[in-house]
Amino acid sequence: AQLSCLARLLAAKNLTGDFTRYPPDLLLFFDLAKVPGGTCREFYAWAALGKLELLPRGSSQRTGLLRGALTCLGVRSSHLSPEQLSSLGGLVCDMEPETITASDPSILENLKLCPTLVGTQRDALNAVLLRGDTVYGEPSRWDLQTLQNLGPLVLALNQTTLSLVAKAAREAFGRSIMATYSSQGRSQREKSLTLLRAFMVPSSSSPARLKRSTEGCPSIPITATTVSDPLLTIYYESSEHFELCLSNEVLKANLGPLLQQLLTRDQQLVVKEKLEQIYPSGIPEEQLKLLGPLLYLYSAEEISRWMVTSNTTLLALLDPSYGKQEAPQVQQLFSRYLALGGTLTGPLLQKMGEENLCELLEEQIQQIPPEAIRTAQLSVSSCSQAKKDQLYRKAQEAFAGQAGTPRTYYCLIRPYLGGAPAEDLKALAEAGVAIDMDMDTFLALNPEELQKLSVLDVKNLLGENLPSLKEAENETLVMLWVKRQSQEELDCILGIAPGGPPPPAPTTCPIITLSTHNAPSTLVPNSTSPLVSTSPPAPGGPPPPAPTTCPIITLSTHNAPSTLVPNSTSPLVSTSPPAPGGITHPAPTTCPIITLSTHNAPSTLVPNSTSPLVSTS
C-alpha cells in the first residue's frame with residue numbers, strides 16, 4: 001500500500017518519466033498509461049526486476065504489466081526470443097504454459113525468478129527440460145552440480161524427470177540440503193523437506209524397509225535411538241503412520257530432539273495433539289521452552305494459558321532460527337509474560353531482536369522502562385511509523401539527562417530518530433555543535449518530517465557528511481525534498497542537484513525616456529528613475545517574469561551634438577510575488593544606466609554608475 005501511494009505521489013509530481021531513478025518494486029505500481037512509448041523498453045526491463053509477488057496474481061495491475069511489456073516489445077506469437085526474455089525478467093512468471101514450451105530454452109532462467117509456479121506451468125517446465133536442449137542437458141546426465149545450478153527449479157521437477165536422474169546425484173543433492181538445514185527458517189525448511197522426500201531414496205536398512213515390530217505401526221516405532229536419524233520423517237508415508245509410530249512416552253522424553261527434525265506441518269500437528277493428551281492441565285514451562293518450532297500452530301487464546309514466567313522461556317520460544325513468528329503469537333507471549341510479573345529489561349530487548357520488538361503492541365511498548373532503553377542497543381528501522389514515534393519518545397525520556405551535550409545526546413538517540421518530529425530535528429540542527437548525521441540515519445527519518453526541514457537545517461544536521469547528500473540525490477525521499485527547495489538556496493548553501501526549473505535567461509530590454517523641446521537636440525543627465533512593478537499576476541495566469549538585466553536610457557534633445565555622460569543609479573525593482581510552488585528570483589545584478597546627451601561636440605561614451613537590479617518579491 002505504501003509503494004502504491006508513493007507511486008501515485010510521484011506521478012502527480014510528473015516524475016514518472018525519470019523512472020530509472022526509482023527502485024524496481026516501486027515501478028510495479030506506476031500508472032502504466034503514463035509510461036512513455038519511447039522509453040517503454042527501459043521501463044518494463046527495470047520494473048521486471050521488482051518483486052512481482054507484491055501484486056496479487058491476476059490483479060489488473062499485474063496483468064497490465066505483462067500486457068504492456070509484450071506490446072512494447074512487439075511480441076506477436078508464443079515464441080519469445082532471448083532478447084525479449086531478457087527484458088521481461090520476472091514478468092514471465094505469468095506466462096501461459098504454451099509460451100513456456102514454445103520460447104527459447106533460456107526462459108528457464110526467467111522462471112527461476114518466480115516464487116511459485118502453477119501446476120500447468122510446472123508441467124511445461126518439465127517438458128522443456130526433458131527435451132534435453134537446455135544448458136542443463138539431458139536429465140540422465142545430471143550430477144550434483146547440475147541440480148544445484150537448477151536452483152529453485154528443482155522444486156518443480158516431477159517424478160518423470162526425477163526418475164531419469166542418477167541415484168548417486170539425487171542422494172548427493174539430498175545430503176547437501178541436510179547440511180544447510182539447521183541454518184534455515186521455517187518456510188525454507190518446508191521446501192527442504194519437500195526436496196528430501198523427492199530426492200532421497202531410503203536404503204534397504206532404513207526404518208521403512210525393516211519388518212514391523214509393533215502392531216499398528218507400518219514400519220518400526222520411533223525410539224530414543226531413531227529420533228536422532230536426520231532422515232527420520234521421510235520414512236513415514238503419511239502423518240497417520242507417523243502418529244502410529246510415535247508413542248506418548250517417547251515424545252515426552254524426547255521432545256527437544258524430535259522438534260529439531262524435518263517435520264511436516266501435519267507431523268507437527270500430531271506432536272501438538274499428543275502434548276495436549278500428555279498435559280491436559282497445561283504444558284510445564286520446561287517443555288514450553290522447546291516449543292519454538294510449533295509456536296506458529298498455537299492460537300493467541302491457547303498461548304494465553306501458558307506459564308511464561310521467565311525471560312529465558314520467552315527468548316527460547318522466539319528463537320530466530322525457527323523463523324519469523326506472526327504478530328498475534330508474539331504479542332500474546334509478551335502479554336502473558338508481563339501479566340505473570342515479567343519486566344522488559346535491556347538485555348531482554350536486546351536479545352529478542354528488532355522483528356519481535358516491532359511486533360509489540362503500543363501498550364506493551366509503553367511498559368518499557370527508561371532504564372531498559374539506556375542499557376540496550378536497539379534497531380527500530382523496520383517498525384511502523386507509529387511505533388517509531390512511540391519508541392523515540394521513550395528514548396527522549398531515557399536520554400533527557402544528556403540533552404545538554406548535543407553530540408553525546410545525538411549518538412544515544414540516533415537509532416530512534418526515525419520517529420523524531422521536525423521541530424526536534426531543527427533543534428538538533430540549531431544546537432551550535434556539529435553532529436555530523438550519517439546518510440543512513442538521514443534517509444531513515446520520517447519522510448513527512450524530512451520535507452519540513454529547510455536547506456540550512458539539512459546542512460547543519462549533516463555537517464561533514466554533507467557531500468553524501470549528492471551521492472544520495474537519486475533516493476526518492478531526497479528528490480522529493482529537493483523539489484520543495486529554492487534553486488538559489490540549493491546552489492548557494494548545498495551546491496547539489498537543481499530543485500526546480502532554472503530561471504529564465506536575462507534579456508536586453510532598454511528603457512528609453514524621450515523628451516523634446518523647441519530647440520536643437522541636447523542629451524543631458526537624467527535623475528534617478530526607478531522602474532517598479534507592483535501588478536499582481538492574473539488569476540490562473542503565468543507568474544511574472546523574473547527581473548532582467550536592462551540598461552535604462554534617458555534621452556532629451558537640445559541644440560548640440562551627442563555626448564554620453566554619467567547618470568545617477570536607477571534600481572529596477574519587482575514586487576510581484578512568485579508563483580505558488582515556484583522558485584525565488586535570481587540574486588540582484590547590476591544594470592548600467594546610460595544617459596544620452598547631445599551637445600555641439602562629437603559623440604563620446606562616458607562610464608556610468610551601476611544600478612542594482614533588485615527583487616523584493
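In this text the structure is predicted, and so the values were computed from the model without any measurement.

Calculation notes
Residues numbered from 1 in each chain as written. Predicted model: local features only at pLDDT ≥ 70, side-chain atom pairs only at ≥ 80, totals over all residues. Heavy atoms only, no water. Helix = DSSP H or I, 4+ residues; strand = E, 2+ residues; numbered from the N terminus. Buried < 20%, exposed > 50% of the residue type's maximum accessible area, 1.4 Å probe, protein only. Polar contact = N/O pair within 3.5 Å; in protein donor to acceptor, adjacent residues only side chain to side chain. Contact = heavy atoms within 4.5 Å. Phe/Tyr/Trp six-rings, centres within 6.5 Å; stacked < 30°, edge-to-face > 60°. Salt bridge = Lys/Arg side-chain N within 4 Å of Asp/Glu carboxyl O. Patch = residues over 30% accessible without salt bridge, like charges linked within 9 Å, V, L, I, M, F, W, Y side chains within 5 Å. Areas by Shrake-Rupley, 256 points an atom, 1.4 Å probe, with all protein chains shown as cover. Lys, Arg positive; Asp, Glu negative; His and termini not counted. Charge placed at Lys NZ, Arg CZ, Asp CG, Glu CD. Disulfide = S-S within 2.5 Å. Axes fitted to C-alpha atoms, helices over the stretch in contact; angles between N-to-C directions. Parallel < 35°, antiparallel > 145°, perpendicular 65-115°, else oblique. Left-handed = near helix turned anticlockwise from the far one by under 90°. Nonpolar A, V, L, I, M, F, W, Y, C, P; charged D, E, K, R; others polar.

## Structural notes on the side chain of Q84
Here is step 1: One can find Q84 in helix α5 (residues 82-88).
Here is step 2: Residue class for Q84 comes out buried when judged on its relative accessible area of 16%.
Here is step 3: Here the side chain of Q84 touches S81 through a polar contact of 3.0 Å, landing on its backbone nitrogen.
Here is step 4: In this structure Q84 touches L73, V75 and H79, once residues within four positions along its chain are discounted.

## Considerations on the packing of aromatic side chains
Here is step 1: Inspection of every chain in the model, using the stated rule, returns four aromatic pairs.
Here is step 2: Taking the centre distance of 6.3 Å and the plane angle of 40° together, the rings of F30 and F43 count as tilted. Residue F30 is found in the loop between α2 (24-27) and α3 (40-47), and its partner F43 is found in helix α3; the two are separated by 13 residues along the sequence.
Here is step 3: When its relative accessible area of 2% is taken as the criterion, F30 is described as buried.
Here is step 4: A relative accessible area of 1% means that F43 is categorised as buried.

## Remarks on the pattern of salt bridges
Here is step 1: Using the criterion set out here, one finds 14 salt bridges in the structure.
Here is step 2: Here E286 and K289 are joined by a salt bridge, their closest N and O atoms 3.2 Å apart.
Here is step 3: Through salt bridges that share partners, R57, R62 and D94 make up one connected network.

## Looking at a negative patch on the surface
Here is step 1: Together, E240, E243, D266 and E273 line one region of the surface with negative charge.
Here is step 2: Taken together, the elements giving at least two residues each to the negative patch come down to α13 (239-245) and α16 (265-278).
Here is step 3: In this structure, E243 sits in helix α13.

## With respect to the side chain of R170
Here is step 1: By the secondary structure assignment, R170 is in helix α11 (residues 167-180).
Here is step 2: Of the side chains with opposite charge, E171 comes closest to the buried, unpaired R170, at an N-O distance of 7.5 Å.
Here is step 3: Within the structure, the side chain of R170 is placed 3.4 Å from the backbone oxygen of V165, a separation counted as a polar contact.

## A closer look at the environment of L290
Here is step 1: Note that L290 resides in the loop between α17 (285-288) and α18 (300-303).
Here is step 2: With relative accessibility at 30%, the residue L290 sits in the partly exposed group.
Here is step 3: Counting along the chain gives 30 residues from L290 to Q260, while the straight-line C-alpha distance between them is 9.5 Å.
Here is step 4: The residues touching L290, leaving out its near neighbours within four places in the chain, are L255, G256 and L259.

## Points about the environment of D266
Here is step 1: Assignment of secondary structure puts D266 in helix α16.
Here is step 2: With a relative accessible area of 45%, D266 lands in the partly exposed category.
Here is step 3: Considering only alpha carbons, one finds D266 and E240, 26 residues apart in sequence, at a separation of 9.0 Å.

## Thoughts on unusual backbone geometry
Here is step 1: Even without glycine at this site, D436 takes up a positive phi of about 50°.
Here is step 2: If you trace the backbone, D436 turns up in the loop between α26 (422-429) and α27 (439-443).
Here is step 3: Classification of D436 as buried rests on a relative accessible area of 17%.

## A word on the state of the cysteines
Here is step 1: Under the defined criterion, the tally for this structure stands at four disulfides.
Here is step 2: Here C217 engages in a disulfide with C245; their sulfurs sit 1.9 Å apart. Its S-S torsion of approximately 95° makes the covalent link between C217 and C245 right-handed. A residue pair is termed long-range when its members are at least 10 positions apart, and C217 in the loop between α12 (186-199) and α13 and C245 in helix α13 qualify at 28 residues.
Here is step 3: On the accessibility criterion, C245 (2% relative accessible area) is buried.
Here is step 4: Two residues, C358 and C383, share a disulfide whose sulfurs are 1.9 Å apart. Between C358 and C383, the S-S dihedral sits near -80°, and the bridge is therefore left-handed. A residue pair is termed long-range when its members are at least 10 positions apart, and C358 in helix α21 (residues 346-359) and C383 in the loop between α23 (370-374) and α24 (385-398) qualify at 25 residues.

## A few points about helix α31 (residues 476-483)
Here is step 1: Across the eight residues that make up α31, a large majority, seven, are buried.
Here is step 2: For α31, every residue scored as buried is listed here: T476, L477, V478, M479, L480, W481 and V482.

## A short note on the packing of helix α20 (residues 327-339) against α21
When two helices pack together, their arrangement is captured by the angle between the axes and the distance separating the axes.
Here is step 1: Look at α20 against α21: their axes get within 9 Å of each other, and the N-to-C directions meet at 135°. Relative to α21, the element α20 is oriented oblique. Along this stretch, α20 crosses α21, giving a crossing that reads as left-handed. Residues A327, V330, Q331, F334 and Y337 of α20 lie in contact with α21, whose contacting residues are L348, M352, N356 and E359.
Here is step 2: Looking at side-chain class alone, the contact of α20 with α21 contains six nonpolar, two polar and one charged residues.

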